[in-house]
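Commentary on secondary and tertiary structure
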Amino acid sequence: QVQLVESGGGLVQAGGSLRLSCAASGSIFNTDTMGWYRQAPGKQRELVATITSGGSRIYADSVKDRWTVSRDNAKKTMYLQMNSLKPEDTAVYYCSVRRIDSSTYWGQGTQVTVSS
């Protein structure tokens, strides 16, 4: 079992920055992929970024060149540095861990609101 707790969300003006953290408890394996997803009101949950234990990253086109995902394997923690925030980035942000067998764990989410 894995428990995930996100933190760092809040209200920020457009152009500002936030850093999200995702702390995991339980077993995290080297084969697990950690990721950030978001869900805006009335929209489906979408991928923001993923990172493997080896540091391979995938970003959504909408956040590429603005945001950086990182991972501290020893601390079982993942981060999302969000710069140049836009109002359309407003959403609940979720942390995930996906096992090699595709089973997935989710956090409760943290709200990010960007005002114009």
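Residues numbered from 1 in each chain as written. Predicted model: local features only at pLDDT ≥ 70, side-chain atom pairs only at ≥ 80, totals over all residues. Heavy atoms only, no water.

Counting across every chain of the model gives two aromatic pairs. Residues Y37 and W106 carry aromatic rings whose centres are separated by 5.1 Å and whose planes lie at 70° to one another, so their mutual orientation is edge-to-face. Here Y37 is found in strand β4 (residues 33-39), whereas its partner W106 is found in strand β10 (residues 104-106), with 69 residues between them in sequence. A centroid spacing of 6.0 Å and a plane angle of 55° characterise the contact between W67 and Y93, whose relative ring orientation is tilted. Residue W67 is found in strand β7 (residues 67-72), and its partner Y93 is found in strand β9 (residues 91-98); the two are separated by 26 residues along the sequence. Judged on exposure class, the residue W67 and its partner Y93 are both buried. A cation sits over an aromatic face here: R45 above W106, 4.6 Å from the ring centre. (Phe/Tyr/Trp six-rings, centres within 6.5 Å; stacked < 30°, edge-to-face > 60°. Helix = DSSP H or I, 4+ residues; strand = E, 2+ residues; numbered from the N terminus. Buried < 20%, exposed > 50% of the residue type's maximum accessible area, 1.4 Å probe, protein only. Lys NZ or Arg CZ within 6 Å of the ring centre and 35° of its normal.)

With that settled, consider the environment of V48. Structurally, V48 can be placed in strand β5 (residues 46-52). Overall, the relative accessible area of 0% leaves V48 in the buried class. Each C-alpha atom of the pair V48 and W36 lies 5.4 Å from the other, and the pair is twelve residues apart in sequence. Leaving out residues up to four positions away in the same chain, V48 has contacts with W36, Y37, R38, I58, Y59, A60, V63, W67, L80 and Y93. (Contact = heavy atoms within 4.5 Å.)

With that out of the way, let us pick up the side chain of T33. Relative to the helices and strands, T33 resides in strand β4. Not counting chain neighbours up to four residues away, the residues in contact with T33 comprise T50, I51, T52, R71, S96, V97 and R98.

This part is about the sheet that holds strand β3 (residues 18-26). The four strands are arranged β1-β3-β8-β7 in an open sheet whose pairing can be described as antiparallel. At either margin of the open sheet sits one strand with a lone partner, and together these are β1 (2-7) and β7. Averaged over neighbouring strand pairs, the angle between their axes works out to 15° when direction is ignored. Pairing analysis gives six bridges linking β7 to strand β8 (residues 77-82), with the strands arranged antiparallel. Pairing of D72 across the sheet is with T77, part of β8. (Pairing = 2+ DSSP bridges. Axes fitted to C-alpha atoms, helices over the stretch in contact; angles between N-to-C directions.)

Overall, the coordinates contain five salt bridges when judged by the stated rule. We note a salt bridge from E46 to R38, for which the minimum N-O separation is 2.7 Å. Its relative accessible area of 37% is what places E46 among the partly exposed residues. By relative accessible area, which is 5% here, R38 ends up buried. With a closest N to O distance of 3.0 Å, R38 and D89 form a salt bridge. Taken as a pair, R38 in strand β4 and D89 in the loop between β8 and β9 lie far apart in primary sequence, 51 residues in all. For the pair shown, R38 and D89 are each scored as buried. Where salt bridges share partners, they join R38, E46, R66 and D89 into one cluster. (Salt bridge = Lys/Arg side-chain N within 4 Å of Asp/Glu carboxyl O.)

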